[in-house]
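Structure assessment
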Amino acid sequence: MTHSTSVHPTTVAAQHPYVLERAFNTFDADVVDRLYEADALFVPRPGQPTTGPGRIPAHRDFLALRVPIRVAPRHTYVSGDLALLIVDWVVEGRAAHGGQVRIAGTATDVARRGPDGFWRYVIDNPFGTAADGPEQTGRPTEVGPTEVGPTDAAAGPTSPDETGQSAIGR
């Protein structure tokens, strides 16, 4: 599944996770990275943050699977030009290597509204409080070593209500 690479940031903090979903599903690391501030921090594995140019290879690790992401925002808290985003997500399907893959987590992210009015990540921590790596089933990949059973499934996506919250977390 490949989508247009014309993905643009949003002026609505609660929509930022959905913009990331669209960018991720282009499978283009440069498109994804446009949603980050220049010095933003990305944590592709718990305890292994990367910033700046290091984000692109880290994004490529996820994108190389060629499996789309689905997001389900739980909470969006905005204070001035900062937003805390708590987002359930899952990457699930048949990967480029032919095996079934399921990687899921609950992200704890911080975004900032720039001078242009658009939201971009300052901190993107896809696995939130996870200490040992992502939840994952299927063939292990570079994304993380932990395997779990299908009962550990994250909820699928839902549409946000007028407050920007999905049915998950309400």
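The structure we're discussing is the one just above.
Residues numbered from 1 in each chain as written. Predicted model: local features only at pLDDT ≥ 70, side-chain atom pairs only at ≥ 80, totals over all residues. Heavy atoms only, no water.

**Re the nonpolar core**
For clarity, the threshold we go by: Residues belong to one nonpolar core when they are buried, are Ala, Val, Leu, Ile, Met, Phe, Trp, Tyr or Cys, and are joined through side-chain atoms within 4.5 Å. Buried residues are those whose accessible area, probed at 1.4 Å on protein chains only, stays under 20% of the maximum for their type, while exposed residues exceed 50% and partly exposed ones sit between those limits. When checking whether two residues touch, look at their non-hydrogen atoms; a contact exists if any pair is within 4.5 Å.
Among the nonpolar cores identified, the biggest contains 36 residues, and Tyr36, Trp89, Val91 and Ile103 are the most heavily contacted of them. In contact with Val91, not counting residues within four places along its chain, are Phe24, Val67, Pro68, Ile69, Val101, Arg102 and Ile103.

**Details of the packing of aromatic side chains**
Which entries qualify depends on this criterion: Between rings of Phe, Tyr and Trp, where Trp is taken as its six-membered ring, a pair exists when centres lie within 6.5 Å; planes separated by under 30 degrees are stacked, by over 60 edge-to-face, and by other angles tilted. Going along the chain from the N terminus, every DSSP run of H or I of four or more residues is numbered as a helix, and every run of E of two or more is numbered as a strand.
If you walk through the whole model with that rule in mind, you get six aromatic pairs. Measuring from ring centre to ring centre gives 6.3 Å for Tyr36 and Phe42, while their planes differ by 75°; the resulting arrangement is edge-to-face. When sorted by exposure, Tyr36 lands in the same class as Phe42, which is buried. Ring centres of Phe62 and Phe127 lie 6.2 Å apart, and the angle between their planes is 25°; this geometry places the pair in the stacked category. Residue Phe62 is located in helix H3 (residues 55-63), and its partner Phe127 is located in the loop between strand S6 (119-125) and strand S7 (135-138); the two are separated by 65 residues in the primary sequence. Phe62 sits in the buried class, given a relative accessible area of 7%. When its relative accessible area of 4% is taken as the criterion, Phe127 is described as buried. Joined through ring pairs, the aromatic side chains of Tyr36, Phe42, Phe62, Trp89, Tyr121 and Phe127 make up one cluster.

**Quick look at empty space enclosed by the protein**
In plain terms, the rule: Space inside and on the surface of the protein is sampled on a 1 Å grid over the protein atoms alone, with a cavity defined as a set of points where a 1.4 Å probe fits but cannot get out and a pocket as an open set with protein on both sides within 12 Å along at least 5 of 7 lines; lining residues have an atom within 4 Å of a point. Grid points are joined across faces, edges and corners, and a volume is the space filled by probe spheres set on the points. Throughout, the ten residues Ala, Val, Leu, Ile, Met, Phe, Trp, Tyr, Cys and Pro are labelled nonpolar, Asp, Glu, Lys and Arg are labelled charged, and all others, Gly among them, are labelled polar.
Scanning the model with the defined rule gives two cavities of 30 Å³ or more in all. Together, 19 residues line the largest cavity, and Leu20, Phe24, Ile69, Asp124 and Pro126 are the ones closest to its centre. For the lining of the largest cavity, the secondary structure elements donating two or more residues are helix H1 (16-24), strand S1 (36-42), H3, strand S3 (69-79), strand S4 (82-94), strand S5 (100-113) and S6. Classifying every residue of the lining of the largest cavity by side-chain character gives 16 nonpolar, one polar and two charged.

**Considering unusual backbone geometry**
Phi is positive for Phe27, close to 65°, though the residue is something other than glycine. Take Phe27: it is sitting in the loop between H1 and helix H2 (29-33). Given a relative accessible area of 10%, Phe27 falls into the buried group. Phi at Arg66 is positive, roughly 60°, even though this residue is not glycine.

**Focus on H3**
Put simply, the rule reads: What the arc describes is the spread of directions from the helix axis to the C-beta atoms.
Burial in H3 covers these residues: Arg55, Ile56, Ala58, His59, Phe62 and Leu63. All buried residues of H3 lie within an arc of 160° about the axis, which places them on one face of the element. Close packing links the buried residues of H3 with H1, H2, S1, strand S2 (50-51) and S4.

From the geometry alone we can't say anything about function, so treat these as descriptive.
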